[in-house]
Structure formats: structure tokens, C-alpha cells
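Spelled out from the first residue to the last, the chains are:
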Amino acid sequence: MYKSVGLSNRQNMKMTLIEGFSSGLTGAMIAVFVSYMEIQTIFLVAGPKISTVPELNANSFLAAGGMGILVTLLGSVVPIFKSRSMKLVEEIKFE
């Protein structure tokens, strides 16, 4: 669809990667926050029954968030390659 309005392959790649990164970043931030809050809630509620206290390391949360962003970016590679090989007429028919 974007090719029909004059978007080049490079612009399409850039737009798709930015979209993948921003959605991955948003999802990673939400996931890190929810995970942290769940761990805190579990040990608040079950704390007296559990003798261990969790050591929450920021590096673990950041690594998990980074992997989420990476997976989202890798998922945007397939549409980039498909759109490069697709002709304009085929793309309009496909939509």
C-alpha cells in the first residue's frame, strides 16, 4: 500500500523497524513493570509462609526487556523481505 504512494524500499524498511522497536519497547516496559509488581505481590501475600526473600536484580529485568525488543525486531524482518520482492500490482491485490 505504501509503495502505491511512492514509498521506497529503504523508507519501508526504516518505518517497519521503527514500528517494531517502538512496539517492542512499549511491550518490554509494560512486561518488566507487571513482572516486578507480581513478584512483590506474591512475596507480600505469601511472605510469612516463604522463608526466602527474592533478590530482584535490575540486570535480569533489563535483559528480559532487551530480549523482548530483539524478538519484536526480528519479527519485523519477514515483512521487510516480503515487501521488497512484491510488485506494486501484487501488493495492491494482496491488500
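See above for the structure.
First things first, this report covers the structure right here in the doc.

So, about the side chain of Ser76. Here Ser76 lies in the loop between helix H2 (58–75) and helix H3 (77–85). Since its relative accessible area comes to 7%, Ser76 is described here as buried. In contact with Ser76, other than residues within four places in its own chain, are Thr16 and Leu17.

The subject of this paragraph is the environment of Leu56. Following the sequence through the fold, Leu56 ends up in the loop between helix H1 (9–45) and H2. Between the C-alpha atoms of Leu56 and Tyr36, which are 20 residues apart in sequence, the distance is 8.3 Å. Ignoring anything within four residues of it in the chain, the contact list for Leu56 reads Tyr36, Ile39, Gln40 and Phe61.

With 18 residues, H2 extends 26 Å between its outermost C-alpha atoms, agreeing within 8% with the 26 Å of an ideal straight helix rising 1.5 Å per residue. Those residues of H2 that sit buried are Phe61, Gly65 and Ile69. Around the axis of H2, the buried residues are gathered within 75 degrees of arc, so they sit on the same side. Projecting away from the buried face of H2 at angles above 90 degrees are the exposed residues Asn59, Met67, Val71 and Leu74.

About the thresholds
Residues numbered from 1 in each chain as written. Predicted model: local features only at pLDDT ≥ 70, side-chain atom pairs only at ≥ 80, totals over all residues. Heavy atoms only, no water. Helix = DSSP H or I, 4+ residues; strand = E, 2+ residues; numbered from the N terminus. Buried < 20%, exposed > 50% of the residue type's maximum accessible area, 1.4 Å probe, protein only. Contact = heavy atoms within 4.5 Å. Expected span 1.5 Å × (residues − 1). Arc of directions from axis to C-beta.

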